[in-house]
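# Summary of structural features
Okay, here's what each chain looks like letter by letter:
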Amino acid sequence: QVQLVESGGGLVQAGGSLRLSCAASGRTFSSYAMGWFRQAPGKEREFVAGISWSALSKVYADSVKGRFTISRDNAKNMVYLQMNSLKPEDTAVYYCAADMGSYRGYVGPEIFGSWGQGTQVTVSS
């Protein structure tokens, strides 16, 4: 079982930046992929970005490509989401997620099964 705690959300103007952090515990962090999802009011949760256990593979939703960057620090059991050029449509609760498997060569939305409590990101126009 893995425990995930997000931080770093807040209120920012359009065009601004935020960095989200997620601390993981309970499993060998370097063995599984990590990801970020978000859920806006009245909408379903959507995949934002994922990173493999080795950090060699990264995938992004089309809506955030070129603006968001996912990274991880296996020595600190942390995963990050750097968000630049934020838009009002990026407003959502952002969730950190962990792969339920280990040492997967593939990263995609369907591999994630453990979730944090979420952190609110609000982008004003």
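Look up: the structure comes first, before these words.
The model shown is predicted, which means the values in this text are computed figures rather than measured ones. (Residues numbered from 1 in each chain as written. Predicted model: local features only at pLDDT ≥ 70, side-chain atom pairs only at ≥ 80, totals over all residues. Heavy atoms only, no water.)

### Points about the sheet that holds strand 7 (residues 68-73)
The antiparallel open sheet is built from four strands, whose spatial order is 1-3-8-7. Each end of this open sheet is capped by a strand with a single partner; those strands are strand 1 (3-7) and strand 7. Adjacent strand axes in the sheet meet at a mean angle of 15 degrees, parallel and antiparallel pairs treated alike. (Pairing = 2+ DSSP bridges. Helix = DSSP H or I, 4+ residues; strand = E, 2+ residues; numbered from the N terminus. Axes fitted to C-alpha atoms, helices over the stretch in contact; angles between N-to-C directions.)

### Focus on the packing of aromatic side chains
One pass over the structure, following the stated rule, counts six aromatic pairs. Note on F37 and F112: the rings are 5.7 Å apart at their centroids and 80 degrees apart in plane angle, and the pair reads as edge-to-face. With a gap of 75 residues between them, F37 in strand 4 (residues 34-39) and F112 in strand 10 (residues 112-115) connect regions that are remote in the sequence. An identical accessibility class is assigned to F37 and F112; each is buried. Plain terms: the ring middles of W53 and Y103 are 4.9 Å apart, the flat faces sit at 85 degrees to each other, and that makes the pair edge-to-face. Of the two residues, W53 sits in the loop between strand 5 (46-51) and strand 6 (58-60) while Y103 sits in the loop between strand 9 (92-99) and strand 10, which places them 50 residues apart along the sequence. A relative accessible area of 31% places W53 in the partly exposed class. (Phe/Tyr/Trp six-rings, centres within 6.5 Å; stacked < 30°, edge-to-face > 60°. Buried < 20%, exposed > 50% of the residue type's maximum accessible area, 1.4 Å probe, protein only.)

### A short note on the pairing of strand 1
Regular strands place their side chains on alternate faces of the sheet. Taking every second residue as pointing to the same face, the buried face of strand 1 carries L4 and E6, while none of Q3, V5 and S7 on the other face is buried. Relative to strand 3 (residues 18-25), strand 1 runs antiparallel, the two sharing five bridges. In the strand pairing of strand 3, L4 is matched with A24.

### Focus: the nonpolar core
Grouped together as the largest cluster of nonpolar side chains are 29 residues, with contacts concentrated most on M34, W36, V79, L81, M83 and Y94. Listed by contribution, the elements that provide at least two residues to this core are strand 3, strand 4, strand 5, strand 7, strand 8 (78-83), strand 9 and strand 11 (119-124). Formed by seven residues, the second largest nonpolar core is a distinct cluster that contains A33, F47, A97 and I111. (Core = buried A, V, L, I, M, F, W, Y, C linked by side-chain atoms within 4.5 Å.)

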